[in-house]
Amino acid sequence: MKPPPFAYHDPSTLEEAISLLSTLPNARPLAGGQSMMPMLNMRFAQPDHLVDLNRIAGLDGVTVEPDGALTIGAMARQRVLEQHPEVARRCPLMVEALAQVGHRQTRNRGTIGGSLCHLDPAAELPLVAAAMEAVVRVAGPNGQRDIAFADFAQGYMTPEMEPEELLVAVRIPAQPAGAGHCFLEYARRHGDFAIASVAVMLVPDAVGRIAEARVALGGVGAVPLRLPEAEAALRGAPDVSRAVAATKTLEPMEDALVPAWYRRHLAGVLLGRALVIAQSRMGRA
Amino acid sequence: MSEDRSLARRVNCVVNGTAQAAEVSVRRTLADYLRQDLGLTGTHLGCEHGVCGACTVLVDGRAVRSCLMLAVQAEGCAVTTVEGIAPDVVTLHPLQTAFAKHHALQCGFCTPGMLTTLLEFLEEVPAPTAEEIRIVISGNLCRCTGYEPIVAATLEAAAVMRGGA
Amino acid sequence: MTGGTAFRDVPRLEDPPLLRGRARFVDDIRAAGGLHAAFLRSPFAHAAIRAIDASAARALPGVRLVLTAADLNPHLTETRLKVALPSPAFRQTLDRPVLASGEVVHVGEAVAIIVADDRYIAEDALSLIEVDYDPLDAVADCVAALADGAPTAHQGAPHNLVGDFTLGFGDPDAAFASAAVVVRETLSQHRGVAHSMECRGLVAIPDPIEDRLTVWSSTQTPHVARRMLCDILGLREDQVRVVTPDVGGGFGPKLVFYPEEAAVAAAARLLGRPVKWIEDRREHFIAATQERDQVWDVELAMDAEGRILGVRGEMIHDHGAWTARGLNVAYGAVSAMPLAYIVPAYRIRSRSAVTNKVPVTPIRGAGQPQGVFAMERLLDRAAQRLGLDRAEIRRRNLVPADRMPYATPLKTRGGMQVVLDSGDFPQCMAEALQRADWDGFRDRQEAARVQGRYLGIGVANYVEGTGRGPFEHVSVRLEPSGRIFVATGAAPMGQSTRTMLAQLVAEQLGGDMANVEVSAGDTATSPLGLGGFNSRQAVMAGTSAHVASIKVRDRVLQVAATLLEASEADLEIAGRAVRVTGTGMQVTLAEIARAAAGLPGFALPGGRAGIAAAEEVVIDPMTYANGSCVAEVEVDAGTGNIAITRLSFMHDCGRALHPRIVEGQVLGGIAHGIGNALFEWMGFDDQAQPVTTNLAEYLLMSATEMPHAISIGHLESPTPLNPLGIKGVGESGVIPVAAAIASAVEDALSPFDARMNRVPIAPHDVVAAMLGDAAR
């Protein structure tokens with residue numbers, strides 16, 4: 001299991017990287033490598049050119065915007081985010097999720113941008129992005145554009161990006177004041193991709209009622225899903241059982257290891273549990 | 001020249017405190033570079049797809065899978081492998097001593113990855129709980145020991161390292 | 001006086017190099033001018049090969065050799081691997097080829113070997129070989145394989161039956177006719193992969209000057225490998241040396257001689273250059289042998305008091321596509337089933353079915369976990385029917401201590417009667433139950449149920465045949481340097497074999513283990529050897545080492561007595577010298593060895609030359625270890641997750657040569673058993689395509705899945721069959737665990753009347769059992 005032959009480029013600027021991706025045939029970017037390198041070693045990926053993003057300066061920052069949102073550079077390592085005080089303060093959902101992302105050794109290399117672009121339907125960070133209504137910034141030969149994550153996650157492991165484009169940053173609105181969050185997943189072993197996962201955000205009004213509910217589910221569709229019926233059921237006077245019942249309409253993928261019905265069943269179980277935790281963490285706006 | 005550099009290039013890095021420079025193919029993994037070019041065969045390849053953890057080394061102090069890094073990516077980095085853990089040829093590191101004492105290795109193939117992973121961890125968490133240790137080694141597979149001796153050894157090593165010089 | 005090194009926790013000789021990264025595994029061996037091999041493997045479970053075009057691969061720069069069967073076979077004196085253990089039960093001969101020709105019969109079967117300057121290039125060349133395959137119907141299931149009209153796994157084969165035997169004694173039909181209770185179940189275990197952390201591999205180093213071949217191989221059976229290489233390459237034994245470096249785990253599949261070993265060795269000789277092949281993890285999934293697939297349809301007859309009257313039934317064993325070892329797994333499973341209990345009548349027909357899957361050979365446990373699973377599940381069912389506690393029904397049937405040695409009516413595969421030599425099975429179970437607080441469990445369970453939590457407990461017993469004979473070679477020699485050189489045909493793969501032998505030798509020869517050099521698994525230092533499998537090496541090699549060391553000790557004292565002009569009775573060996581007790585007079589081991597080495601024209605001390613002894617102590621009967629496992633689980637009623645909250649394990653392997661190593665073997669086996677019970681599932685689709693081919697899909701136990709409360713206890717019933725009183729332990733931990741866990745899960749789910757007749761148990765199985773169709 002050795003990587004196939006490719007030409008390697010390690011540009012030091014974003015512009016150079018985009019130029020390489022635009023001009024070289026069959027070129028693929030390399031971020032943290034924790035998904036790309038196994039695919040290379042197994043020769044599932046056979047690029048002619050590999051454009052390593054690790055030498056580009058300034059792509060790994062974590063900044064706090066004036067409105068309190070976080071802007072996280074695509075090359076920020078998962079392990080850095082896990083330990084970052086501003087991430088803990090403004091997006092505790094992400095910290096909760098990161099503890100389930102692979103293992104310490106993969107988080108030391110793995111990046112947030114790599115995970116969002118890889119877009120595994122059961123991965124934790126895309127689910128966080130869906131729940132937080134993140135906006136990703138994509139750069140290409142014609143400049144940069146911002147895409148709501150819901151639009152970015154276009155299909156099964158398929159982000160809304162051209163081959164010569166790069167994800168450069170993700171903007172995550174700060175968790176609203178008093179909001180209760182919870183990230184839960186069920187995997188057979190610690191660090192595995194989840195069979196099903198749920199991210200919940202309950203945003204209170206001034207008197208502590210649920211003004212806005214966000215329910216995002218992973219592992220049960222081609223991309224991370226929001227569950228509007230459940231969210232509606234939770235607003236105002238929350239009807240938890242109706243929210244959980246909304247998972248019954250899910251149509252997860254079937255594979256050799258896990259039956260689709262079980263993923264659907266798990267989604268309901270995890271949602272019920274996550275709502276209890278999120279409600280207990282909710283305060284007032 | 002730039003075309004050459006896209007296929008093979010000279011890599012400069014410091015491995016276990018010694019500066020190394022070697023011409024490598026760009027597709028060579030860091031693991032193969034350490035094992036084949038530098039002869040540091042203590043780093044083992046157990047799966048080559050980033051799951052088993054046997055190939056874990058420290059790159060600039062961080063534990064990483066050396067099967068999931070290219071050698072060229074180690075340019076300018078400091079790498080520590082299992083060969084660099086013991087202070088000298090006579091003395092073992094307290095973690096190594098505790099592994100032997102608790103029978104935390106049988107065939108020993110996973111051991112280098114366990115040691116490097118735990119070294120980074122103990123640096124960060126000098127007084128860990130057993131559960132924290134289980135989580136940190138959950139990315140290192142061992143087929144021989146049933147893991148609990150490794151947890152016991154780590155707890156003891158942590159205590160020695162906290163109290164030791 | 002003895003050296004004080006045996007039967008205690010001495011430091012392992014293996015540890016310092018392993019901990020420093022200075023050990024030498026097969027992939028660490030670099031031969032000057034060495035080349036690297038890769039194998040082209042079948043992507044089909046069953047296909048005809050119409051044509052192979054390797055010209056593009058041969059033309060790739062850096063490629064040195066490409067061989068298909070047509071290219072290779074003219075260079076071989078034998079093109080098939082004749083490895084089958086003899087048995088009258090065979091119904092077909094299925095010796096596998098070195099490289100496939102004409103037909104491939106499982107995904108992963110080797111079709112061509114490529115040798116190149118490095119592994120990267122060799123893998124590049126794989127995709128350049130064009131094979132014209134014509135896919136054929138594949139046999140994916142061992143039960144369906146034996147149905148009338150099933151397609152055959154091999155073209156032109158009359159059927160898929162490869163082995164058929166019935167093991168039995170007494171009159172089971174009469175027993176069933178008179179039974180108060182009969183229970184019947186269909187039980188199955190799924191296939192797993194061994195997954196030693198080091199995969200297989202070898203380096204073949206030809207010496208054109210002397211026309212010799214040295215093969216470093218990560219094998220459990222170096223002497224078998226040498227014999228096979230001689231047969232296949234047409235070489236004499238003195239031309240081939242097979243030597244095992246450090247081996248990163250074996251667990252069974254490395255006892256087999258594989259096609260890759262023959263092909264790599266042949267390629268090295270053709271090229272006149274060293275060739276290395278290291279199996280990668282993906283290859284391990286499709287080319288290293290696997291085990292456990294069996295389907296049992298069995299019934300148990302009991303009297304009204306819960307005493308076993310008889311067992312009968314059928315078992316179908318998935319043999320895989322070729323005979324890579326024999327019918328031994330099926331035989332081991334069927335003979336393990338009744339072993340712990342008094343079973344007056346028994347009859348199981350076992351049929352082994354050919355499938356288009358990786359060949360099956362022993363993996364840690366070797367059929368015994370399946371046999372134990374069958375017996376223990378039936379006992380649980382009978383207890384249910386009789387309203388008896390599951391421990392009580394076992395207590396009434398375990399072979400009691402006062403019947404030892406207990407001659408069972410069973411015979412081993414070699415035709416020898418199975419005699420349980422020693423042990424106290426009821427006491428062993430009693431202590432396991434006590435560790436588990438079995439009696440207090442119903443209170444715990446009820447208290448949890450009130451909170452909506454589902455706890456369960458289960459127990460299983462096993463008896464394991466260990467120390468497979470007939471012998472293992474050990475030689476012990478005192479060298480003129482004063483060092484003690486020990487050589488053995490035993491092959492270590494992580495079990496501390498070198499330490500074990502050094503302990504026994506130092507025990508007799510001065511107590512300084514650092515003065516003992518052990519060469520294990522090297523055909524150049526041991527003329528004979530069987531190797532590592534069947535929990536045998538401590539028993540067989542240990543005994544030979546013990547007996548040889550005593551002989552060397554006697555000779556050392558004889559020579560020392562001459563040199564010191566003292567009586568042997570006044571001498572003691574201490575460290576690296578022999579001294580006259582109570583005086584300052586001594587002579588070093590080096591001086592003794594030099595004296596015994598002789599001087600031209602001078603008389604030898606004791607009239608003999610050298611100080612050495614070689615032993616192949618023959619012990620035909622196996623010695624039977626036993627144990628009991630109690631698992632307590634909590635089942636998550638929502639997710640179906642099964643958490644093992646407590647695992648209590650009592651076992652008896654006679655005297656423990658090194659208690660900590662023994663405990664380590666048991667614990668490692670337990671982890672493997674939990675994997676078999678809950679996690680490890682080697683999946684194939686209906687065309688026998690493997691669906692779990694990486695370690696993210698195939699779930700090995702990691703540290704976070706291990707139960708936190710594991711309690712292991714030891715009984716010591718020394719066996720009379722060897723002078724050390726020891727029994728094997730390497731496989732014991734794995735054997736009862738799946739049965740105990742299935743029992744516990746079923747107990748937790750008793751409100752749902754769930755039946756756990758199949759392992760591994762996935763969480764969706766649990767949810768399905770609790771909710772039935774409502775879950776879907």
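Scoring rules and cut-offs
As a convention, each chain's residues are numbered from 1 in the sequence order in which they are written. To label them, take the chains in the order written and letter them from A, then take the ligands in the order written and number them from 1. Only residues with pLDDT of at least 70 are given local features in this predicted model, and only at 80 or more are side-chain atom pairs given and counted; all residues enter the totals for whole chains, interfaces and linings. Hydrogens and waters are ignored; side-chain quantities use all the structure's heavy atoms. The pairing criterion is simple: DSSP has to find at least two bridges between the two strands. Segments assigned H or I by DSSP are reported as helices when at least four residues long, segments assigned E as strands when at least two residues long, and all are numbered from the N terminus. Any two residues whose heavy atoms approach within 4.5 Å are treated as being in contact. Simply put, the buried area is the total loss of 1.4 Å probe accessible area from both parts when two parts are fitted together. A pairing counts as a salt bridge when a side-chain nitrogen of Lys or Arg comes within 4 Å of a carboxyl oxygen of Asp or Glu. Polar contact criterion, stated in full: a pair of N or O atoms within 3.5 Å, where within protein one must be able to donate a hydrogen and the other to accept it, and residues adjacent in sequence count only if both atoms are side-chain atoms. The start and end points of each domain follow an automatic or database-based domain assignment. Under the scheme applied here, ten amino acids are nonpolar (Ala, Val, Leu, Ile, Met, Phe, Trp, Tyr, Cys and Pro), four are charged (Asp, Glu, Lys and Arg), and all others, including Gly, are polar. UniProt positions are given in the numbering used here, feature names are shortened, and annotations may be inferred rather than shown by experiment. The definitions used throughout rest on a 1 Å grid laid over the protein atoms alone, on which a cavity is an enclosed set of points accommodating a 1.4 Å probe that cannot get out and a pocket is an open set flanked by protein within 12 Å on both sides along at least five of seven lines; lining residues are those having an atom within 4 Å of a point. Grid points are joined across faces, edges and corners, and a volume is the space filled by probe spheres set on the points. The angle between two axes is taken between their N-to-C directions and runs from 0 to 180 degrees, where each axis is a line fitted to C-alpha atoms and a helix contributes only its stretch in contact. Orientation categories follow fixed angle ranges, with anything under 35 degrees roughly parallel, anything over 145 roughly antiparallel, 65 to 115 roughly perpendicular, and all other angles oblique. In this scheme the handedness of a crossing depends on how the near helix is turned from the far one: anticlockwise by less than a right angle means left-handed, clockwise means right-handed. Here the aromatic set is Phe, Tyr and Trp, taking the six-membered ring for Trp, and pairing holds for ring centres within 6.5 Å; pairs whose planes are under 30 degrees apart are stacked, those over 60 apart are edge-to-face, and all others are tilted. Burial here depends on accessible area, computed with a 1.4 Å probe over protein chains only, as a share of the maximum for the residue type. Under 20% is buried, over 50% is exposed, and the range in between is partly exposed. Criterion for a charge above a ring: Arg CZ or Lys NZ at most 6 Å from the ring centre, at most 35 degrees from the ring normal. Remark: nonpolar core denotes a set of buried residues (Ala, Val, Leu, Ile, Met, Phe, Trp, Tyr, Cys) joined through side-chain atoms within 4.5 Å.

## Quick word on the sheet that holds strand β33 (residues 758-759) of chain C
The pairing of strands in a sheet happens through backbone hydrogen bonds and is either parallel or antiparallel.
Residues and elements named next belong to chain C.
Moving on, step 1. If you walk across this open sheet you meet the 6 strands as β9-β19-β18-β17-β10-β33, and the pairing is mixed. Every interior strand has two partners, whereas the edge strands, β9 (161-169) and β33, have only one.
Moving on, step 2. Looking at chain direction, β9 and strand β19 (residues 346-354) are connected through 8 bridges and run antiparallel. Looking at β19, one finds that F165 is bridged to S350.

## Some points on the interface of chain B and chain C
Moving on, step 1. Listed by partner, the interface residues are 51 residues for chain B and 51 residues for chain C.
Moving on, step 2. In total, about 4100 Å² of surface goes out of reach between chain B and chain C, with carbon and sulfur atoms giving 57% of it.
Moving on, step 3. If you sort the residues of chain B by the area they bury against chain C, R27, H103 and R143 of chain B come out on top, with a joint share of 20%.
Moving on, step 4. Between the two partners, chain B and chain C, sit 4 salt bridges.
Moving on, step 5. For the interface between chain B and chain C, the tally reads 24 residue pairs in polar contact (both at pLDDT 80 or more).

## What to know about the domain arrangement of chain A
Residues and elements named next belong to chain A.
Moving on, step 1. As far as domains go, chain A holds domain 1 (62-172) and domain 2 (180-281).
Moving on, step 2. Here the C-alpha centroids of domain 1 and domain 2 sit 20 Å apart.
Moving on, step 3. Facing the 26 residues of domain 1 at the interface are 27 residues of domain 2.
Moving on, step 4. Viewed at the interface, domain 2 and domain 1 are joined by 3 salt bridges.
Moving on, step 5. Applying the counting criterion to the domain 1 and domain 2 interface returns 7 residue pairs in polar contact (both at pLDDT 80 or more).
Moving on, step 6. Counting residues per element, the ones that place at least two in the side of domain 1 that touches domain 2 are α5 (92-98), α8 (124-132) and β8 (153-155).
Moving on, step 7. Considered class by class, the residues forming the side of domain 1 that touches domain 2 number 17 nonpolar, 5 polar and 4 charged.

## As for the UniProt feature "domain: FAD-binding PCMH-type" (unreviewed entry) in chain A
Moving on, step 1. Sequence positions flagged by UniProt for "domain: FAD-binding PCMH-type" (unreviewed entry) are, in local numbering, residues 1-177 of chain A.
Moving on, step 2. In residues 1-177 of chain A, helix accounts for 33% and strand for 24%; the two terminal C-alpha atoms are 49 Å from one another.

## With respect to the layout of surface pockets
All names here are of chain C.
Moving on, step 1. Size it by volume and the second largest pocket reaches roughly 1000 Å³.
Moving on, step 2. Taken together, the elements giving at least two residues each to the lining of the second largest pocket come down to β9, α7 (222-233), α10 (328-336) and β21 (417-420).
Moving on, step 3. When residues of the lining of the second largest pocket are assigned to their parent elements, the largest contribution, 5 residues, is made by α7.

## Topic: the interface of chain A and chain C
Moving on, step 1. Taken together, the contact between chain A and chain C spans 23 residues of the former and 34 residues of the latter.
Moving on, step 2. Carbon and sulfur atoms make up 58% of the surface buried where chain A meets chain C, a total of about 2500 Å² over both sides.
Moving on, step 3. When the area that chain A buries against chain C is broken down by residue, the three leading residues are R188, R189 and W261 of chain A, summing to 30%.
Moving on, step 4. Considering every element that reaches the side of chain A that touches chain C, the biggest residue donor is helix α12 (residues 260-281) of chain A, with 7 residues.
Moving on, step 5. Of the residues that constitute the side of chain A that touches chain C, the class distribution is 14 nonpolar, 2 polar and 7 charged.

## Observations regarding empty space enclosed by the protein
Moving on, step 1. Considering all chains together, one arrives at 9 cavities of 30 Å³ or more under this definition.
Moving on, step 2. Along the wall of the second largest cavity there are 28 residues; nearest its centre are K2 of chain A, L45 and E48 of chain B together with D27 and I278 of chain C.
Moving on, step 3. Every element with two or more residues in the lining of the second largest cavity is listed here: α2 (30-37) of chain B together with β1 (35-41), α4 (119-126) and β15 (275-278) of chain C.
Moving on, step 4. A class-by-class count of the residues in the lining of the second largest cavity yields 10 nonpolar, 4 polar and 14 charged.

## Comments concerning the packing of helix α18 (residues 659-679) of chain C against helix α19 (residues 737-748) of chain C
Residues and elements named next belong to chain C.
Moving on, step 1. Between α18 and α19, whose axes approach to 8 Å, the crossing angle comes to 50°. On the basis of their axis angle, the class for α18 and α19 is oblique. The hand of the α18/α19 crossing is right-handed. For the pair α18 and α19, contact is made by I670, G673, I674, A677 and L678 and by V737, A738 and I741, respectively.
Moving on, step 2. Across the contact of α18 with α19, the residue classes tally to 7 nonpolar, 1 polar and no charged.

## Regarding the packing of aromatic side chains
Residue and element names in this part refer to chain C.
Moving on, step 1. Under the counting rule described, the total for this entry stands at 10 aromatic pairs over all chains.
Moving on, step 2. Taken together, a centroid distance of 6.2 Å and an interplanar angle of 45° make the contact between Y462 and F649 tilted. You can see Y462 sitting in strand β22 (residues 454-466) and its partner F649 sitting in strand β31 (residues 642-652), a full 187 residues away along the chain. This pair shows no difference in class: Y462 is buried, exactly as F649 is.
Moving on, step 3. Over the face of the ring belonging to F533 we find R325, whose NZ or CZ atom lies 5.3 Å from the ring centre.
Moving on, step 4. Of note, R655 hangs over the ring of F7, and the distance from its end group to the ring centre comes to 3.6 Å.

## Looking at the domain arrangement of chain C
Residues and elements named next belong to chain C.
Moving on, step 1. On domain assignment, one finds that chain C holds domain 1 (34-136 + 200-278), domain 2 (290-467 + 620-775) and domain 3 (469-615).
Moving on, step 2. Using only C-alpha atoms to locate each centre, domain 2 and domain 3 end up separated by 41 Å.
Moving on, step 3. Counting residues at the interface gives 21 residues for domain 2, matched by 20 residues for domain 3.
Moving on, step 4. For the pairing of domain 2 and domain 3, the buried interface totals around 1400 Å² over both sides, and the portion due to carbon and sulfur atoms is 59%.
Moving on, step 5. If you look at where domain 2 meets domain 3, you find 0 salt bridges.
Moving on, step 6. Those elements giving two or more residues to the side of domain 2 that touches domain 3 turn out to be β22 and α18.
Moving on, step 7. Looking at which element gives the most residues to the side of domain 2 that touches domain 3, the answer is β22, with 3 residues.
Moving on, step 8. In the side of domain 2 that touches domain 3, the residues fall into 7 nonpolar, 9 polar and 5 charged.

## Focus: the pairing of strand β10 (residues 166-172) of chain A
Residue and element names in this part refer to chain A.
Moving on, step 1. Of all 7 residues in β10, 6 are buried, a share of seventy percent or more.
Moving on, step 2. Note that strand β5 (residues 70-73) and β10 share 4 bridges and pair antiparallel. Bridging across to β10, I72 finds its partner in V170.
Moving on, step 3. Sheet topology note: the strand β6 (residues 135-140)/β10 ladder contains 5 bridges and is antiparallel. From the neighbouring strand, R137 faces β10, where its bridge partner is A169.

## Some thoughts on the nonpolar core
Moving on, step 1. Counting 164 residues, the largest nonpolar core has F99 of chain B together with L300, M337, L420, V635, I674 and V745 of chain C as its most contacted members.
Moving on, step 2. Residue contacts for L300 of chain C: discarding those within four places in its chain leaves F176, V181, V182, V183, I308, G310, V311, M375, L378, L379 and A382 of chain C.
Moving on, step 3. Formed by 47 residues, the second largest nonpolar core is a distinct cluster that contains A6, A490, A545 and I573 of chain C.

## Comments concerning the pairing of strand β13 (residues 210-218) of chain A
Residue and element names in this part refer to chain A.
Moving on, step 1. Across the 9 residues that make up β13, a large majority, 7, are buried.
Moving on, step 2. By the bridge criterion, 8 bridges tie strand β12 (residues 196-204) to β13 in an arrangement that is antiparallel. Within β13, the position partnered with M201 by the bridge is R214.
Moving on, step 3. Looking at chain direction, β13 and strand β14 (residues 225-226) are connected through 2 bridges and run antiparallel. Following the sheet pairing, L217 is matched in β14 by L225.
Moving on, step 4. Counted between consecutive antiparallel strands, the loop separating β13 from β14 contains 6 residues, among which G219 sits at a positive phi close to 80°.

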